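The chain contents come next:
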Amino acid sequence: WYQRRVREHNIRRVTFLTFKKGSYPFFYTFRHRLHWAEDSIYRHLEPALAFQLEIHRLKNFNIRLLQTNNHILHMYYGTAKSSSGSTVTDSRFFVRSIIRHANFFTKEASFDYMEREGEKYLQESLNELEVAMSNPEYRKSDCNHIFLNFVPCMVIHPMIVKEKVKQFIERYGKRLWKLRVLQAELKMKLRETAESPEQSFRFFVNTESGYSIDTNIYTAVEDPNSGISYLSSFEEVQGPMHGIAVNAPYLTRDFLQQKRCSAQLMETTYVYDFPDMFREACKTCWSLHVKQNGLPRSVIPKEFVRFTELVLDNHDNLIEIHRVPGQNDTGMIAWKMTLFVPEYPDGRDVIVI
């Protein structure tokens, strides 16, 4: 009788709210497309705010909700969708949260809130991940992802947020690596001054190799013809996500990342990550050089390493080649590298095998 009535009124979703004194309210959502079974993905999530978690971006994965001690955090375990019978090679956790507050109108209050809440939610996300990964069922998870959506508009410059994010990563780096958190995303609405217009920003943090951390800032730009919003790099150097739709789903692990993870599980370094190691070493050398000699940071070059891969052609001649990492067919890799270090600011050529 009830199914007929709700169908007559075009009702597609029914949500029940239950609560008890001293605890957060509990939400249970039932959908018509599931034949009025509970949609467990949205359990304990306010339907009107569900879109802010951007669950639709997980559509490349089969996901299930995991219960957490903190109802503000929503943790999903995802396995990459694959053809029937094939082995699943990509499984990961997605920890997502909405951080709510009234808008801010001063830089001081904005910075204090961002610093305090950002660190608090990062710690709680890591705590929940640690508990989940202690379960043998989830020990093979990798490339775990954290998403924090700051709802209030804050008065703070994006570059200040980027520096604070870097400090968080340095502070919790070992724990992040241990829990295989290789990607993080922050969504924020910011004003540079109290009078400037509000802008939507996305901060993407990626540390897949484990040796270098890429932090990129994007703004959302709407295409007037299609109405679709795309990511546009905020900084001079375009990030890898530039031009990609804001709502684009997360990609599953690619061939290169599978090889990298296999090497890391054996507690070694994937060979094509060695150029990144040299880049980080050169960067560290310049930072120490500037600090010890009281030099301005403007002397630090924008490029630390330039490299090309060396291979043997069909006639056993050594040639330089530019190709996608992981295309080697032998167990030995060689590069010609130019290292830009304080002793050789114009570059020093070396062969790395």
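Placed above this text is the structure.
The structure displayed is predicted, hence computed values, not measured ones. (Residues numbered from 1 in each chain as written. Predicted model: local features only at pLDDT ≥ 70, side-chain atom pairs only at ≥ 80, totals over all residues. Heavy atoms only, no water.)

Considering the packing of aromatic side chains
Centre distance and the angle of the planes are the two values used to describe a pair of aromatic rings.
Alright, step 1. If you walk through the whole model with that rule in mind, you get twelve aromatic pairs.
Alright, step 2. Seen from their ring centres, Phe-204 and Tyr-218 are 5.5 Å apart, and the 80° between their planes marks the pair as edge-to-face. In this pair, Phe-204 is assigned in strand 9 (residues 199–206) and Tyr-218 in strand 10 (residues 214–222), connecting sequence segments 14 residues apart. When sorted by exposure, Phe-204 lands in the same class as Tyr-218, which is buried.
Alright, step 3. One aromatic cluster is present, built from ring pairs that chain together Phe-61, Phe-94 and Tyr-250.
Alright, step 4. Geometry around Trp-177 places Arg-180 over its ring, the cationic atom sitting 4.5 Å from the centre. (Phe/Tyr/Trp six-rings, centres within 6.5 Å; stacked < 30°, edge-to-face > 60°. Helix = DSSP H or I, 4+ residues; strand = E, 2+ residues; numbered from the N terminus. Buried < 20%, exposed > 50% of the residue type's maximum accessible area, 1.4 Å probe, protein only. Lys NZ or Arg CZ within 6 Å of the ring centre and 35° of its normal.)

A word on the sheet that holds strand 3 (residues 37–38)
Alright, step 1. Pairing is antiparallel across the open sheet formed by three strands, whose spatial order is 1-2-3. The open sheet is flanked by strand 1 (13–18) and strand 3, the only strands paired with a single partner.
Alright, step 2. Alignment of strand 1 against strand 2 (residues 26–31), held across six bridges, turns out to be antiparallel. When the bridges of strand 2 are listed, Arg-13 appears paired with Arg-31. (Pairing = 2+ DSSP bridges.)

What about the pairing of strand 14 (residues 334–341)?
Alright, step 1. With seven of eight residues buried, strand 14 lies mostly within the body of the structure.
Alright, step 2. Bridge count for strand 12 (residues 305–312) against strand 14 is six bridges, and the pairing is antiparallel. Bridged to Arg-306 within strand 14 is Thr-338.
Alright, step 3. Counted between consecutive antiparallel strands, the loop separating strand 14 from strand 15 (residues 344–352) contains two residues.

Points about the pattern of salt bridges
Alright, step 1. Under the defined criterion, the tally for this structure stands at 21 salt bridges.
Alright, step 2. Here Arg-116 and Glu-117 are joined by a salt bridge, their closest N and O atoms 3.5 Å apart.
Alright, step 3. Judged by relative accessible area, Glu-117 falls into the buried class, the value being 11%.
Alright, step 4. Via salt bridges that share partners, Glu-54, Arg-57, Glu-185, Lys-187 and Arg-202 belong to a single interconnected network. (Salt bridge = Lys/Arg side-chain N within 4 Å of Asp/Glu carboxyl O.)

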